[in-house]
Amino acid sequence: MIKIDQVNEEEFSLIEQLGKESLPIYYCCDDLKMLKMTGHIILKISKETTIVGFVVCRETADNIHILSIAVKNNDRKMGYGSKLIKYLKQKNKNLSLYVHTINDTALNFYKKNKFVISDIMFGYYDSFEDNKDAYKMICEL
Ligand SMILES: CC(C)(COP(=O)(O)OP(=O)(O)OC[C@H]1O[C@@H](n2cnc3c(N)ncnc32)[C@H](O)[C@@H]1OP(=O)(O)O)[C@@H](O)C(=O)NCCC(=O)NCCS
């Protein structure tokens, strides 16, 4: 059975590990604690009892901004990422995010989920050696 729920504090280390395996910039347990304390949404998607993906977002009155999303390597291309996006869309708010301009997989994924590029942010990832630019993508109601 596939389930989407809030992440518990005891699961932060699993989310940290999944992020580390999947993303160039990931949240450590302390970051996740801080994000949760400041009202961010941290959701997991589980297959039976195993966490296969997560999303971290900031929700405001009319928008949900996705800070981070990842699915475990072996569980990709099976619809889990899209299920997380669909879950957020049920809140009937606009969605936004920044994505590395060279992350073709993520760009395809967001486009497939009806996001469009709305802006380019030159030098957004300033800690990267090169290819520092990001697209802003949005999915409006
Ligand atoms: C991006 C990511 C979350 C997608 O999760 P996923 O569960 O594999 O995505 P889905 O199975 O829901 O894919 C939906 C669509 O996205 C596109 N897509 C997903 N993976 C793709 C790939 N490797 N190559 C091309 N298109 C891809 C396809 O259009 C796919 O539809 P299809 O299966 O009908 O072809 C996952 O690849 C991931 O964790 N990547 C590493 C972390 C990352 O880059 N996060 C985004 C940072 S902004």
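Residues numbered from 1 in each chain as written. Predicted model: local features only at pLDDT ≥ 70, side-chain atom pairs only at ≥ 80, totals over all residues.

> Account for the site of the ligand, naming residues and giving values.
Taken together, 19 residues lie around the ligand, and Arg76, Gly81, Ser82, Asn108 and Phe109 are the ones closest in. Contributing elements (two or more residues each) for the shell around the ligand: β4 (63-71), α3 (80-89) and α4 (104-112). For the shell around the ligand, the leading source of residues is α4, giving five residues. Its residues placed into classes, the shell around the ligand shows nine nonpolar, seven polar and three charged. (Near = placed C-beta within 6 Å. Helix = DSSP H or I, 4+ residues; strand = E, 2+ residues; numbered from the N terminus. Nonpolar A, V, L, I, M, F, W, Y, C, P; charged D, E, K, R; others polar.)

> Can you tell me about the sheet that holds strand β1 (residues 2-6), naming the residues and giving the values?
The strand order β1-β2-β3-β4-β5-β7-β6 describes an open sheet built from seven strands, whose pairing is mixed. Each having just a single partner strand, β1 and β6 (116-121) make up the two edges of the open sheet. Neighbouring strand axes in the sheet, compared pairwise and without regard to direction, differ in orientation by 25° on average. Here helix α1 (residues 12-22) sits on the sheet and contacts β3 (50-59) and β4; the angle it forms with β4, its principal contact strand, is near 75°. (Pairing = 2+ DSSP bridges. Axes fitted to C-alpha atoms, helices over the stretch in contact; angles between N-to-C directions. Contact = placed C-beta atoms within 7 Å.)

> With reference to specific residues and values, describe α3.
The complete set of buried residues in α3 reads Tyr80, Gly81, Leu84, Ile85 and Leu88. Angular distribution of buried residues about the axis of α3 spans 145°; they occupy a single face of the element. Close packing links the buried residues of α3 with β1, β2 (41-47), β3, β4, β5 (94-100) and α4. (Buried ≥ 20, exposed ≤ 12 C-beta atoms within 10 Å, placed from the backbone. Arc of directions from axis to C-beta.)

> Describe in detail the pairing of β2, supporting the description with residues and values.
Here five bridges tie β1 to β2, and the two strands are oriented antiparallel to one another. Its bridge partner lying in β2, Lys3 is registered against Ser46. In this sheet, β3 lies alongside β2 in antiparallel orientation, the contact comprising seven bridges. The residue bridging Ile45 from the neighbouring strand is Gly53, located in β3. The hairpin turn running from β2 into β3, its antiparallel successor, is two residues long, and Glu48 in that turn takes a positive phi close to 55°.

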